[in-house]
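Structure assessment
So you can see what is in the structure, the chains are spelled out below.
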Amino acid sequence: TVRTRYFDVTVTALEADEDGLAWAAKAEVCYAVRHPEERADGTTRTSVDPWYFSVQDGEVGGPAEWVKVKDLQPSTRWSPVYGTKLVGLGECNSGWVQAEPGSPDLFFPSLRYAPADFGDDIRWVRPER
C-alpha cells in the first residue's frame, strides 16, 4: 500500500493470462483524506483513468511505453472488474484493472498509477517468471 496525500493505493497482484493476451492488476484505491476537488456530496470519482501499463514489444524490442489502460482493449477475464465508482471518505474502489491487447508479442513489465489532478506517480514492477 502506498499512501498519497488523499488516497491509499494498494496493488496485490500483477498477472497475465497463460497465453499473454490479457493483463491484470488487482488494485484497491481508498479515499483517505478529503481533497479540495471532491464533489459537493463529499464523494470523489475513482476509475481506470489514472492507471497505465508499460507496454513492450518482445518481437520488435525497444523500450517500454506507458499506455493508459482506458486506451487499451478492455478485458473482463478477472472478476470483479475495477470500474468507475464514486467513493466517500473512508470508502474504497477495488477490483482488477485489466486490458486485453491480444498479441503474445506484447507484454507489460510494470504498472503505474498517476492521477493528473494530484501529481502522484506510483509504479509497481511485475516479477519475472
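Data block above holds the structure.
Residues numbered from 1 in each chain as written. Predicted model: local features only at pLDDT ≥ 70, side-chain atom pairs only at ≥ 80, totals over all residues. Heavy atoms only, no water.

1. So, the overall build of the protein
- Helix and strand counts for the protein come out as 0 helices and 11 strands.
- Secondary structure elements of the protein occur, N-terminal to C-terminal, as β-β-β-β-β-β-β-β-β-β-β.
- The C-alpha atoms of the protein give 15 Å as radius of gyration, which agrees with the globular expectation for 129 residues (14 Å, within 12%).
- By its C-alpha atoms, the protein is 50 × 25 × 25 Å across when sized along the principal axes.
- A buried classification covers 44% of the 129 residues belonging to the protein.
- Here the contacts in the protein between residues at least 6 apart in sequence split such that 63% fall between residues at least 24 apart.
- Taken as a whole, the protein presents about 7,200 Å² of accessible surface, with 46% of it coming from carbon and sulfur.
- Charged side chains in the protein number 14 positive and 21 negative. The centres of these two groups are separated by 6 Å. (Helix = DSSP H or I, 4+ residues; strand = E, 2+ residues; numbered from the N terminus. Rg over C-alpha atoms; globule rule 2.2 N^0.38 Å. Buried < 20%, exposed > 50% of the residue type's maximum accessible area, 1.4 Å probe, protein only. Contact = heavy atoms within 4.5 Å. Areas by Shrake-Rupley, 256 points an atom, 1.4 Å probe, with all protein chains shown as cover. Lys, Arg positive; Asp, Glu negative; His and termini not counted. Charge placed at Lys NZ, Arg CZ, Asp CG, Glu CD.)

2. Section: the pairing of strand β11 (residues 122–125)
- The side-chain alternation of β11 yields one buried face, formed by Ile-122 and Trp-124, and one unburied face, formed by Arg-123 and Val-125.
- In this structure, strand β10 (residues 110–113) lies alongside β11, joined through 4 bridges in antiparallel fashion. Of the residues in β11, the one forming a bridge with Arg-112 is Arg-123. (Pairing = 2+ DSSP bridges.)

3. Notes on unusual backbone geometry
- Each neighbour pair has its own omega, and for Ser-79 with Pro-80 the value is 0°, a cis peptide bond.
- Mapped onto the fold, Pro-80 is located in the loop between β6 (65–68) and β7 (85–88).

4. What about the sheet that holds strand β3 (residues 23–31)?
- The sheet built from 4 strands is open, its strands ordered β1-β2-β3-β8 with antiparallel pairing. For this open sheet the edge positions go to β1 (2–3) and β8 (92–99), each flanked by a neighbour on one side alone.
- Note that β3 and β8 share 8 bridges and pair antiparallel. Note that in β8 the partner of Trp-23 across the bridge is Ala-99.

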